Amino acid sequence: MTLLKVEGIHTFIQQYHILQGVSLEAKEGRVTVLLGRNGAGKTTTLRSIMGFHKVSRGTIYFKNERVDSLAPHEIARKGISYVPEDQGIFNGLTVGENLYIAMRKNDEKESERLDYVLALFPDLKTFWHKKGGHLSGGQKQMLALARAYIQDSQLMLIDEPSKGLAPIMVEKVSESIMEMKKKRTIILVEQNFMMASAIGDDFYIIDNGRTVYSGKMEQLREDKEMCRQYLGIT
Ligand SMILES: Nc1ncnc2c1ncn2[C@@H]1O[C@H](COP(=O)(O)OP(=O)(O)OP(=O)(O)O)[C@@H](O)[C@H]1O
């Protein structure tokens, strides 16, 4: 089943026409990876889905309901959570406080989700009282993923989780996303092709603000020419 359907969206940032026709579908239980060179429009696509940028043309449907004119908090309440590129955690708050802030329901399911993320990221338990600003890059990423998971969402948008991390941390973060994939539908922006191709099921390539190619991840792994032309991978 298609959980999210983006059809021909256009987005301006100030006077700049950044997205000029992005279309994609995220199917339930799958990881959809957005690929493309720096500045292609991948982050802007996630931010447009989340309502941080208003789309000037095109439509976004989540669970068959149109959401492109909603505010970010309304979109979040519909069931989409977002892990931004800079992780967006509160540096002045502890790990525990950062997680509690995401917990609004205080019900059994929410405490089950907290148990799940603490089992997935034991570091968060160890550093429960540590301030967000004092965590390593990898720990911040884990906290950001955990916080997005704790929200009662069906779809997670994750922007470049490997950015700035040491290879061992990239591996850990990849494994945790593979685990979350059993419970959530995911749209992932990722420049690390090894990671993207290990985690991803479906892909879209964005180039100059447009989706230019899409398909199954295994097809892309075989297509050296497309990797060279759009991703700069030789
Ligand atoms: N606040 C802004 N003001 C002006 N231009 C912006 C702004 N934010 C993004 N852009 C431009 O929009 C284009 C798309 O940026 P975006 O961050 O979506 O690209 P990306 O594909 O995610 O690449 P990257 O991996 O470099 O983040 C770029 O040309 C960028 O310079």
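Fair warning: this is a prediction, and the values are worked out from it, not measured in the lab.

J.: Mind showing me how you'd approach the site of the ligand here?
T.: If you check the shell around the ligand, you find 13 residues, and the closest are Asn38, Gly39, Lys42, Thr43 and Thr44. When residues of the shell around the ligand are traced back to their parent elements, those giving at least two are strand S2 (16–27) and helix H1 (42–49). Per-element accounting of the shell around the ligand gives the leading share, 3 residues, to H1.

J.: Looking at this model, I keep getting lost on the nonpolar core. Mind explaining?
T.: Soluble, globular proteins show a tendency: their nonpolar side chains are buried together. Ranked by internal contacts, the top residues of the largest apolar core, which has 60 residues, are Ala146, Leu157 and Leu188. With 8 residues, helix H6 (residues 137–150) is the single largest residue contributor to this core.

J.: Just checking my understanding: could you explain unusual backbone geometry for this structure?
T.: One non-glycine residue, glutamine 14, adopts positive backbone phi at about 50°. Looking at the secondary structure, you find glutamine 14 in the loop between strand S1 (2–13) and S2. A count of 5 C-beta atoms within 10 Å places glutamine 14 in the exposed class.

J.: Mind showing me how you'd approach the pairing of strand S4 (residues 55–62) here?
T.: The side chains of a regular strand alternate between the sheet's two faces. Relative to S4, S1 runs antiparallel, the two sharing 6 bridges. Its bridge partner being in S4, threonine 11 is matched across the sheet by valine 55. Summarising the sheet, S4 and strand S5 (residues 65–66) pair through 2 bridges and their orientation is antiparallel. Residue pairing for S5: tyrosine 61 is matched across the bridge by arginine 66. Taking the residues that link successive antiparallel strands as the turn, the S4-S5 hairpin has 2 residues, and the phi of lysine 63 there is positive, at about 50°.

J.: Where do I start with the sheet that holds strand S9 (residues 202–207) in this structure?
T.: Working definition: the strands of a sheet are paired by backbone hydrogen bonds and lie parallel or antiparallel to each other. Strand order in the open sheet formed by 6 strands is S6-S7-S8-S3-S9-S10, and the pairing between neighbours is mixed. The open sheet has two free edges, formed respectively by strand S6 (80–83) and strand S10 (210–216), since each of these has just one partner strand. Adjacent strand axes in the sheet meet at a mean angle of 15°, parallel and antiparallel pairs treated alike. Direction of pairing for S6 relative to strand S7 (residues 155–159): parallel, over a ladder of 4 bridges. Across the sheet, the residue bridging to serine 81 is methionine 156, located in S7.

J.: I keep staring at the pairing of S7 and nothing clicks. Help me out?
T.: With 5 of 5 residues buried, S7 lies mostly within the body of the structure. Bridge analysis of S7 against strand S8 (residues 185–189) gives 5 bridges, and the strand direction is parallel. Along S8, the bridge assignment pairs methionine 156 with isoleucine 186. A crossover connection joins S7 to the parallel S8 through helix H7 (residues 167–180); in handedness this β-α-β unit is right-handed.

Rules of the game
- In this convention, every chain numbers its residues from 1, walking through the sequence in written order.
- Confidence filtering applies because this is a predicted model: local features only for residues at pLDDT of at least 70, side-chain atom pairs given and counted only at 80 or more, and all residues used for totals across whole chains, interfaces and linings.
- Put plainly, near means the residue's C-beta atom, positioned from the backbone, lies within 6 Å of the molecule or strand in question.
- Numbered from the N terminus, helices here are DSSP runs of H or I no shorter than four residues, and strands are runs of E no shorter than two.
- For this analysis, nonpolar core means a set of buried Ala, Val, Leu, Ile, Met, Phe, Trp, Tyr and Cys residues linked through C-beta atoms within 7 Å.
- Buried residues are those with 20 or more other C-beta atoms within 10 Å of their own C-beta, exposed residues have 12 or fewer, and partly exposed residues lie in between; C-beta atoms are placed from the backbone.
- Between any two strands, at least two bridges found by DSSP are needed for them to pair.
- With axes taken as lines fitted to C-alpha atoms, and helix axes fitted only over the stretch in contact, angles between N-to-C directions fall between 0 and 180 degrees.
- By convention, a crossover is right-handed whenever its connection, traced from the first strand over the helix to the second and viewed with the strands pointing away, goes clockwise.

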